[in-house]
Amino acid sequence: MSAVVETVLGAVESSSLGVVLPHEHVFFDLRARFCAPTGFGCGTGLEPVSLANIGRIRYAQRMNLDNLHLNDVADAIAEFESFKALGGGAIVDLSPASNGRSIEKLRKVSEATGVGVIVGTGYYVDQFLTEEMDASRIDALAGRMVGELTDGVDDTGVRAGIIGEVGCSWPLTERERVSLAASAIAQQQTGAAISIHPGRAAAAPAEIVSVLVAAGADPGRVVIGHLDRTFDSVDQVLALADCGVYLEFDLFGQESSHITYGDIELPSDMRRLRMISEVVRRGFGDKVLLSHDIALKHHLETYGGHGYAHLLRRVVPRMPEVGLAEDQIDRMLRGNPAQVLTRTGRRGQ
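Given the structure is predicted, the values throughout are model-derived calculations rather than measurements.

Within the largest apolar cluster, 94 residues are counted, with the highest numbers of intra-cluster contacts made by Leu180, Ile196, Leu212, Leu247, Phe249, Leu290 and Tyr308. Within the second largest apolar cluster, 15 residues are counted, among which are Leu17, Ile162, Val223 and Leu341.

Here is the structure:
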């Protein structure tokens, strides 16, 4: 069987994907993280996102309920069209079922724009784990993921194309360890890649990899995301690269110093590029992935944000400034994500 990728419109040749954003959210619900507004000028927190309040929302992202919910098909179509106009081909929506994943809406957006959409399966961070998650249920949890990867999500007929976003905290909770072990089993049975949301600590990725490997996962089919808010040195990235995992820098466009991610300051896009260039120069260009992790309304162009087109519009043109060659850029945007998403066989077929 030729190399295929599962999308919401069916299986396609991996070579046909084009530019892929491997870590995004299209329909996403984080309203459980809403924090009551505090401080002068913060508003009620219940007004809709608009140009009138977008400035303060950027400073206090969780203090506006509407900002924490991506749910509008028309907004998504407009954002996808901007991405496609610049050469975009496919987007991976890693929204878990517990956080607003909508197969029907994703299918509508893909049909309307021609942009491929790949959906994930799996379990998010502990706060959103609504199912019973203990060691006695690992096989059942893995079976649910396998079912979505091979048979389809619910009765939609749409197969998930990746395991993730698998959420992890720091330190890992026991339920998250169960989720990781189940993900490893699902990977063994399907060959699907696992995409990880690591906890906010430099030690988190290595711990996660060790848990996955102990449960039988192939580290060469594991993506560690959010490295640009987890590590602040190239040496840390290279140490992780030695484990064989994919290295995902997926917060492009998010540069505000008012966002806190533990001890790491969120870097500028150019600082990300300089780090990536060095990682590529050191021989790991075939393991680098790039994305935005669009997750909130203020990230969208519709509401004054950078949007899914940001990488192609503003970042890629500056890559030669840090010494990245055309073939290296192409590998990160097209080749590497296609390898991550490729399904070379499906159970029962």
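The strand order across the open sheet formed by eight strands is S3-S6-S7-S8-S9-S10-S11-S14, and the pairing between neighbours is parallel. Where the open sheet ends on each side, the last strands, each with one partner, are strand S3 (19-24) and strand S14 (288-290). If you compare each strand with its neighbour and ignore which way they point, the axes differ by 25° on average. Examined bridge by bridge, strand S10 (residues 222-224) and strand S11 (residues 246-249) share two bridges and lie parallel to one another. Along S11, the bridge assignment pairs Ile224 with Leu247. Docked against the sheet, helix H3 (residues 103-113) engages strand S6 (88-93) and strand S7 (116-121), running at close to 160° with respect to S7. Helix-sheet contacts for helix H10 (residues 326-341) involve S3, S6, S7, strand S8 (162-167), S10, S11 and S14, and the interaxial angle to S14 is about 105°.

For the rest of this paragraph, the subject is the side chain of Ser14. Here Ser14 lies in the loop between strand S2 (10-13) and S3. Looking at Ser14, the relative accessible area reads 13%, which means it is buried. With residues near it in sequence (within four places) discarded, Ser14 still touches Ala3, Val4, Val5, Ala338 and Thr342.

Moving on: the environment of Arg271. Considering the arrangement of structural elements, one finds Arg271 in helix H8 (residues 269-284). According to the relative accessible area criterion, Arg271 is partly exposed, its value standing at 32%. Sequence separation between Arg271 and Leu46 is 225 residues; the distance between their C-alpha atoms is 35 Å. Among residues more than four places away in sequence, those in contact with Arg271 are Asp232 and Glu265.

Take the confidence of the model for the protein next. For the protein, mean pLDDT is 94; residues scoring 70 or higher make up 96% of the total. Throughout residues 345-349 the model reports pLDDT below 50, and contacts reaching past four residues in sequence, or to other chains, amount to eleven contacts.

This part covers the packing of aromatic side chains. Inspection of every chain in the model, using the stated rule, returns three aromatic pairs. Seen from their ring centres, Phe80 and Tyr308 are 5.6 Å apart, and the 80° between their planes marks the pair as edge-to-face. Here the residue Phe80 occupies a position in helix H2 (residues 73-85), and Tyr308 occupies one in the loop between S14 and helix H9 (310-315), the gap between them amounting to 228 residues. Taking relative accessible area as the criterion, Phe80 reaches 0% and is therefore assigned buried. Since its relative accessible area comes to 2%, Tyr308 is described here as buried. An aromatic cluster is defined as three or more aromatic residues linked by ring pairs; in this entry it consists of Phe28, Tyr124 and Phe128. The ring of Phe252 carries Arg272 above its face, with NZ or CZ at 5.5 Å from the centroid. We note Lys287 situated over the ring of Tyr246; from NZ or CZ to the ring centre the distance is 4.0 Å.

What counts and what doesn't
- Residues numbered from 1 in each chain as written.
- Predicted model: local features only at pLDDT ≥ 70, side-chain atom pairs only at ≥ 80, totals over all residues.
- Heavy atoms only, no water.
- Core = buried A, V, L, I, M, F, W, Y, C linked by side-chain atoms within 4.5 Å.
- Buried < 20%, exposed > 50% of the residue type's maximum accessible area, 1.4 Å probe, protein only.
- Pairing = 2+ DSSP bridges.
- Helix = DSSP H or I, 4+ residues; strand = E, 2+ residues; numbered from the N terminus.
- Axes fitted to C-alpha atoms, helices over the stretch in contact; angles between N-to-C directions.
- Contact = heavy atoms within 4.5 Å.
- pLDDT = per-residue confidence, 0-100.
- Phe/Tyr/Trp six-rings, centres within 6.5 Å; stacked < 30°, edge-to-face > 60°.
- Lys NZ or Arg CZ within 6 Å of the ring centre and 35° of its normal.

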